[in-house]
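Residue-level structural notes
Below, each chain spelled out in residue letters.
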Amino acid sequence: MQTVIQTKNLSKNYGTTPVLKSIDLEVRAGELTAIMGPSGSGKSTLMNVLSTIDRLSGGEVWLEGKSLLDMKKQAARQFRQERMGFIFQDYNLLDTLTAKENILLPLSLRRFKAEEMERRLAPIAQALNIAGILTKYPSELSGGQKQRVASARAIITNPAIVFADEPTGALDSRSATQLLEQLVGLNETFGTTILMVTHDGYAASYCKRVIFLRDGGIVNELYAGEQTQRAFYDRILDAQSLMGGKTR
Ligand SMILES: Nc1ncnc2c1ncn2[C@@H]1O[C@H](COP(=O)(O)OP(=O)(O)OP(=O)(O)O)[C@@H](O)[C@H]1O
Ligand SMILES: [Mg+2]
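Residues numbered from 1 in each chain as written. Chains lettered and ligands numbered in written order. Predicted model: local features only at pLDDT ≥ 70, side-chain atom pairs only at ≥ 80, totals over all residues. Heavy atoms only, no water.

Named according to an unreviewed UniProt entry, the chain is ABC transporter ATP-binding protein originating from Cohnella thailandensis.

Things to note about the overall build of the chain
Looking only at helices and strands, one finds eight helices and ten strands in the chain. By the compact-globule yardstick of 18 Å for 248 residues, the chain fits well, its C-alpha radius of gyration being 18 Å. Once the C-alpha set of the chain is aligned to its principal axes, its extents read approximately 50 × 45 × 35 Å. Each of the 248 residues in the chain was classed as buried or not, and the buried ones make up 49%. As displayed, the chain has an accessible area near 12100 Å², and 47% of this comes from carbon and sulfur atoms. Between the centroid of the 30 positive side chains of the chain and the centroid of its 26 negative side chains there is a distance of 4 Å. (Helix = DSSP H or I, 4+ residues; strand = E, 2+ residues; numbered from the N terminus. Rg over C-alpha atoms; globule rule 2.2 N^0.38 Å. Buried < 20%, exposed > 50% of the residue type's maximum accessible area, 1.4 Å probe, protein only. Areas by Shrake-Rupley, 256 points an atom, 1.4 Å probe, with all protein chains shown as cover. Lys, Arg positive; Asp, Glu negative; His and termini not counted. Charge placed at Lys NZ, Arg CZ, Asp CG, Glu CD.)

Remarks on the sheet that holds strand β4 (residues 58-63)
The strand order across the open sheet built from four strands is β2-β1-β4-β5, with neighbouring strands paired in antiparallel fashion. Lying at the two open borders of the sheet, with one neighbouring strand each, are β2 (17-28) and β5 (66-67). Pairing geometry for strand β1 (residues 3-14) and β2, over eight bridges, is antiparallel. Along β2, the bridge assignment pairs L10 with I23. (Pairing = 2+ DSSP bridges.)

Let's talk about the site of ligand 1
By nearness alone, eleven residues border ligand 1, and S39, G40, K43, S44 and T45 come closest of all. The separation between an oxygen atom of ligand 1 and a polar main-chain atom of G42 is 3.1 Å. Interatomic distance of 2.9 Å between a side-chain N/O atom of S44 and an oxygen atom of ligand 1. The fraction of the free accessible surface of ligand 1 (640 Å²) that becomes covered by protein chains is 54%. Counting residues per element, the shell around ligand 1 draws most heavily on helix α1 (residues 43-50), which supplies three residues. In terms of residue class, the shell around ligand 1 is built from three nonpolar, six polar and two charged. (Near = heavy atom within 4 Å. Polar contact = N/O pair within 3.5 Å; in protein donor to acceptor, adjacent residues only side chain to side chain. Nonpolar A, V, L, I, M, F, W, Y, C, P; charged D, E, K, R; others polar.)

Quick look at the environment of K146
Relative to the elements of secondary structure, K146 occurs in helix α5 (residues 143-155). Not counting residues up to four positions away in its chain, the partners in contact with K146 are Y91, L93, P138 and L141. (Contact = heavy atoms within 4.5 Å.)

Quick notes on the packing of helix α4 (residues 114-127) against helix α6 (residues 173-190)
One can describe the packing of α4 onto α6 by two numbers: an axis separation of 10 Å at closest approach and a directional angle of 135°. Classified by the angle their axes make, α4 and α6 are oblique. Facing P123, I124 and A127 of α4, the residues of α6 in contact are Q182, L186 and F190. For the contact of α4 with α6, a count of residues per class yields five nonpolar, one polar and no charged. (Axes fitted to C-alpha atoms, helices over the stretch in contact; angles between N-to-C directions. Parallel < 35°, antiparallel > 145°, perpendicular 65-115°, else oblique.)

What about the side chain of T52?
Counting through the fold element by element, T52 comes out in the loop between α1 and β4. Accessibility expressed as a relative area gives 12% for T52, which makes it buried. When sequence neighbours within four positions are dropped, the list of residues in contact with T52 reads L63, L68, A76, R80 and M84.

Considering the nonpolar core
Ranked by internal contacts, the top residues of the largest apolar core, which has 48 residues, are I103, I130, V149, M196, V210, F212 and I236. It is α6 that provides the largest number of residues to this core, a total of six residues. Once residues lying within four places of it in the same chain are set aside, the contact partners of I236 are M36, G201, A204, S205, V210, F212 and L222. Core analysis: the second largest hydrophobic core is formed by 28 residues, I35, A76, L195 and L213 among them. (Core = buried A, V, L, I, M, F, W, Y, C linked by side-chain atoms within 4.5 Å.)

Let's talk about unusual backbone geometry
Keep in mind that most residues, glycine aside, have a negative phi and that most peptide bonds are trans. Positive phi outside glycine occurs at N9, with the angle close to 55°. With respect to the helices and strands, N9 occurs in strand β1. Overall, the relative accessible area of 46% leaves N9 in the partly exposed class. The backbone phi angle of N92 is positive, close to 55°, even though this residue is not glycine. Following the sequence through the fold, N92 ends up in the loop between β6 (84-88) and α3 (99-108). Overall, the relative accessible area of 37% leaves N92 in the partly exposed class.

Right under this line is the structure:
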């Protein structure tokens, strides 16, 4: 499997406060990974540094084998736009565009032809079960539908990796379960590489790998392997209590 992201001794400070400490992490193509950890442990900061939104303070990051330190600002931005997708807790959809226009926005900005956009949209809309709501505006959609639209927008560019920071955070438990099943479906159907922050062990149990952060460092890592989701969930809860109680 190809390595999408690799870090060595990655650190990040805000002022003099260390927030990420000597992170060694490898994310391979096709992986579905959760990042867990207490509030303030550095989960969002890690996502922001890996996605080039925020600058690292020390160590190294390689994106598809290219050193981030060697990339000019413009090259990093281009990499982010072309090779990365994003799903946010609060959807980040544009209210004045329909679901379909929101999804296609990253392509229309890059002047893709209409037929090519339609060709890409069809299988994704089907996989996310949103084919019937494409002409609606965000204000007409439920939270779960909005997040599925946002997920479609995140993968319409065929990104190397999708970053999702608490994607189920604003959803009720039924919509959250639905979204998690859809994300697993995208991972299985299209081989989408997903890195997802969650404080919820149940959400994490849908992933194949869980990384635990505490005080800015990786303190534990679990792989689902062949075990059932239920057994993996139990192991995640055990790991959380070993880390000292709840992750939030
Ligand atoms: N822009 C910033 N300037 C200064 N400090 C920051 C900034 N962003 C985050 N921090 C600090 O860095 C630490 C890690 O924050 P981060 O947002 O990564 O945590 P998190 O694990 O995502 O927490 P949560 O679960 O609450 O979202 C916190 O102590 C936070 O106060
Ligand atoms: Mg956060």
